[in-house]
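A structural walkthrough
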Amino acid sequence: MDKLPKELLNLLACPVCKGELSYDEKKEVLVCDACGVFYEVRDGIPDLIPEQARPLSELYGEAPPERQP
Ligand SMILES: [Zn+2]
């Protein structure tokens, strides 16, 4: 699967808070730190629907998300 191009990522915003999203390449999801949720990317198309938002705890387990170096 192609990676999400940076140009596209710059255009994307969280559907809930309109804030910036960060792309987790390992998990292939878009993360909104402000909302504490993530959105799945299916076939290179981000699922930016508030109903599809899932808590970050689901992505990272119980531990709070830590920035990877
Ligand atoms: Zn948000």
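In short, a report on the structure. (Residues numbered from 1 in each chain as written. Predicted model: local features only at pLDDT ≥ 70, side-chain atom pairs only at ≥ 80, totals over all residues. Heavy atoms only, no water.)

As for the pairing of strand E2 (residues 29-32)
To be explicit about the condition: Relative accessible area decides the class of each residue, using a 1.4 Å probe on protein chains only: under 20% of the type maximum gives buried, over 50% gives exposed, and in between gives partly exposed. Secondary structure elements follow DSSP: runs of H or I of four or more residues count as helices, runs of E of two or more count as strands, with numbering from the N terminus. In short, DSSP must find at least two bridges between two strands for them to pair.
Neither face of E2 is left uncovered, since the one carrying Val 29 and Val 31 and the one carrying Leu 30 and Cys 32 both have all their residues buried. Note: strand E1 (residues 22-24) against E2, three bridges, orientation antiparallel. Counted as the bridge partner of Ser 22 is Val 31 from E2. Pairing of E2 with strand E3 (residues 37-42), which is carried by four bridges, proceeds in the antiparallel orientation.

Thoughts on the coordination of the zinc ion
Put simply, the test is: Distances up to 2.8 Å from the metal define which N, O and S atoms are donors, and 3.2 Å serves for Na, K and Ca; water is absent from the atom set, so sites may look incomplete. Angular criteria define each label, namely tetrahedral for four donors with all angles between 85 and 135 degrees, square planar for four and octahedral for six donors with opposite donors over 155 degrees apart and remaining angles between 65 and 115, and irregular for whatever fails these tests.
Each protein donor to the zinc ion is listed here as Cys 14 (SG), Cys 17 (SG), Cys 32 (SG) and Cys 35 (SG); together their distances run 2.2 to 2.4 Å. Each of the four donor atoms bound to the zinc ion contributes to angles spanning 103 to 116 degrees, and the resulting shape is tetrahedral.

What about unusual backbone geometry?
Most peptide bonds adopt trans geometry, and most residues besides glycine take a negative phi value. The phi torsion at Lys 18 lies on the positive side, around 65 degrees, for a residue other than glycine. Here Lys 18 is to be found in the loop between helix H1 (6-11) and E1. Relative accessible area serves as the criterion here: at 62%, Lys 18 is assigned to the exposed category.

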